[in-house]
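Spelled out, the chains give:
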Amino acid sequence: MVMKILLICSVAVITSASIPRPRGVADSNASHYQPNSENVFVCVDGSQSFPYSYVNDDYCDCADGSDEPGTSACPNGKFTCTNAGHRPLIVPASRVNDGVCDCCDGTDEYSGNIACVNSCNELGKKHKEEVERIMKLQEEGMRKKKEFAESGKKMKEEKKARLEQLQADREAAETERQEMESKKDEAEAPEKEAKDKHQKAWDEEKARKSAEKDAAAAAAAFNELDSNNDNFVDVLEMVIHIEFDIDSNGVVSEEEVKEHLEESDKVDMDNFVSKIWPNIKQIYKPLVPEDTQTDGEAPSPAEPQGETATPPAEETNGSPNSLPPPPLEPEDYYEEDEEEEEEDDEEDDDMDDRDDYHDSDTSTAVPLPSITEEGTLVTPASPTNEVQTEGDTEEKMPAYDEETQVLIEAADITRNAFNAADEKLKSIDREISSLQSYMNLDFGNDEEFSVLKDQCYEYTDREYTYKLCVYERASQRPKAGGSETSLGTWGKWSGPENDRYSSQLYERGQNCWNGPDRSVKIHFKCGPENQLVNAYEPSRCEYAFDFISPVSCSGKLSPMDTHSHDEL
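## Description of the overall build of the protein chain
The secondary structure content of the protein chain amounts to nine helices and 16 strands. Across the 568 residues in the protein chain, those meeting the buried criterion constitute 31%. Of all intrachain contacts in the protein chain linking residues separated by at least 6 positions in sequence, the fraction that spans at least 24 positions is 47%.

As structure tokens, then:
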């Protein structure tokens, strides 16, 4: 095959060389410069014709400059370097005889003003070596590309088979889940009924206990407020309770008390408990600290009170067992001025003491008294400074009975079985979703790009480290340290129609201040290994990466591969 190509090239060279042509004319255009029978030259664009002697006469006659291929007379003229031993080169006609050797054979400087060294053979040798190197690279790349393609196709077939198996397994897993759910629902129905019954009984018990406590608190409050023991709580007995001060002016008026008593002058125990207590229990505070009384010695609400009440058998002034003195009768409030002032002073002192008591920390507040089943008023011991948590004070629900516990254990078994079946189905769905995402990706005509999936590569320049996770995302981070900036996530293949797999686009990256979202285009080139070799920003917030990989090798030379980069 190689010999055939060389033979064709040799024939083409011999044929072209056999046709005489003027200086600066390319082999491909040699036939156009053959004089006709009348020795007339026709411009290449056909616009004019004139004697053949006008060609290369250093005067531009043709508008397209075709009559001066070997001079600089035409500004739009082109000069072709023959460059025997290397490859032809076309340069602007303005470079002819400009004192610079543009052609490696020196034919562009024929005036003799400068002597050009013919370096075409040397350059041709170097060019041949470069072409051979690139061809060897392409061949090695194609070998690896073939291996990648075979591996990619095999992997896709395996994933396809796995997907089909999972879809079949899913049907069985979904059936199993439905069966386990049905059993769970069946076992949970009696469990729920038993739990609800237990909860209802507990709620009723809590409500009963709460009602008893509230009734005891109401009775205790009534007894404390009923300071004259007449079985009524009246206005004068409540005015000394500062908590009933509605307008917060420091004085409890009769009108304010009546508002709490629902406009009554006084109320008995029944009305107090049913109507008044629900409205004042949140603000009511007893005047006498409970720790001044001995448990069990407070008067029972069932015992008769008032004038017919039997006084205590034993009473000691100032002792903890002494009851608070009865309130003054209305007429006692109007004694002589001197006595009134003394009482006012004493009352102020008492009020100060009470204020200090009511302003004390809530952790030492006196608990409400309660009433035993026998009707005895019991005052709890004063709380300590230890803070009790809600779990310590709140009564816990009793344990379930044996029958309910059996139902719970049976339901737990079915719940565990259902959860296992449910997780199995979810696991299958997750794997199916992952496989479908893989199957939807475009890995090239022969699945060769699949080798890059889930692989990440980095490139570091003077300021940043750039990272590319193929088919996922691209980013950059400062070398000096700092957060990573998203340049985009996988979008699509973005190469031209005739070379679709030459570039990828990653888009919707982090937004630029006062600009677009960042994006990056990955340019794939043939190389011996997968490697990110360059990163740059052609325009604001639009980046570009150069990525070399065997998967981009084609086994043939591109125009760029054969282009000469000679410095003449």
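## Here's the deal with the state of the cysteines
Inspection of the entire model under this criterion finds eight disulfides. The disulfide bridge from cysteine 104 ends at cysteine 120, spanning 1.9 Å between sulfur atoms. Disulfide cysteine 104-cysteine 120: the torsion about the S-S bond is 100°, which places it as right-handed. Note that cysteine 104 is positioned in the loop between strand E4 (89-92) and helix H2 (120-225) and cysteine 120 in helix H2, a separation of 16 residues in sequence. Residue cysteine 120 is classed as buried on the basis of its relative accessible area, which comes to 0%.

## Here we look at the nonpolar core
Grouped together as the largest cluster of nonpolar side chains are 26 residues, with contacts concentrated most on Phe449, Leu468 and Phe545. Apart from the residues within four sequence positions on either side, phenylalanine 449 is in contact with Phe443, Gly444, Tyr471, Trp493, Tyr501, Phe524, Val551 and Ser552. In this structure, Leu225, Val233, Val235 and Ile276 belong to the second largest nonpolar core, which totals 18 residues.

## A word on the sheet that holds strand E11 (residues 473-478)
Strand order in the open sheet made by the eight strands is E9-E10-E11-E12-E13-E14-E16-E15, with mixed pairing throughout. In the strand order of this sheet, the two ends are held by strand E9 (456-460) and strand E15 (531-539), each with one partner. When strand polarity is set aside, the average angle formed by the axes of neighbouring strands in this sheet is 25°.

## Description of the pattern of salt bridges
Considering all chains together, one arrives at 35 salt bridges under this definition. In this structure, the salt-bridge partner of arginine 133 is glutamate 130, at a minimum N-O distance of 2.9 Å. Taken together, the residues span about one helical turn, with arginine 133 and glutamate 130 both in helix H2 at a distance of three residues. Accessibility expressed as a relative area gives 46% for arginine 133, which makes it partly exposed. On the accessibility criterion, glutamate 130 (33% relative accessible area) is partly exposed. For the salt bridge of glutamate 181 with arginine 177, the shortest nitrogen-to-oxygen distance reads 3.4 Å. With glutamate 181 and arginine 177 both in helix H2 and four residues apart, the pair spans about one turn of that helix.

## Re the packing of H2 against helix H5 (residues 269-280)
Taken N-terminus to C-terminus, the directions of H2 and H5 make an angle of 115°; their axes are 10 Å apart at the nearest point. H5 is crossed by H2, and the crossing has right-handed handedness. Judged by residue contacts, Asp214, Ala217, Ala218, Ala219, Ala221, Phe222, Asn223 and Leu225 of H2 engage Met269, Phe272, Val273 and Trp277 from H5.

## A short note on the packing of aromatic side chains
Tallied over the full model, the rule gives 22 aromatic pairs. With centroids separated by 5.1 Å and ring planes inclined at 70°, the aromatic side chains of tyrosine 457 and phenylalanine 547 adopt a geometry described as edge-to-face. Of this pair, tyrosine 457 sits in strand E9 while phenylalanine 547 sits in strand E16 (residues 542-549), placing them 90 residues apart in sequence. Looking at tyrosine 457, the relative accessible area reads 15%, which means it is buried. Summarising the aromatic geometry, the rings of tyrosine 466 and phenylalanine 545 are spaced 5.7 Å apart at their centres and angled 75° between planes, so their arrangement reads as edge-to-face. With tyrosine 466 in strand E10 (residues 464-469) and phenylalanine 545 in strand E16, this pair connects stretches of sequence that are 79 residues apart. Taken individually, tyrosine 466 and phenylalanine 545 each receive the classification buried, so the pair is uniform in this respect. Geometry around tyrosine 110 places arginine 23 over its ring, the cationic atom sitting 3.7 Å from the centre.

## Section: the pairing of E10
Strand direction decides the pairing type here: E9 and E10, joined by five bridges, are antiparallel. By the bridge assignment for E10, tyrosine 459 is matched with tyrosine 466. Connecting E9 to the next strand, E10, in antiparallel fashion are three residues. Sheet topology note: the E10/E11 ladder contains six bridges and is antiparallel. Bridge pairing links threonine 465 to arginine 477 in E11.

The rules behind each value
Residues numbered from 1 in each chain as written. Predicted model: local features only at pLDDT ≥ 70, side-chain atom pairs only at ≥ 80, totals over all residues. Heavy atoms only, no water. Helix = DSSP H or I, 4+ residues; strand = E, 2+ residues; numbered from the N terminus. Buried < 20%, exposed > 50% of the residue type's maximum accessible area, 1.4 Å probe, protein only. Contact = heavy atoms within 4.5 Å. Disulfide = S-S within 2.5 Å. Core = buried A, V, L, I, M, F, W, Y, C linked by side-chain atoms within 4.5 Å. Pairing = 2+ DSSP bridges. Axes fitted to C-alpha atoms, helices over the stretch in contact; angles between N-to-C directions. Salt bridge = Lys/Arg side-chain N within 4 Å of Asp/Glu carboxyl O. Left-handed = near helix turned anticlockwise from the far one by under 90°. Phe/Tyr/Trp six-rings, centres within 6.5 Å; stacked < 30°, edge-to-face > 60°. Lys NZ or Arg CZ within 6 Å of the ring centre and 35° of its normal.

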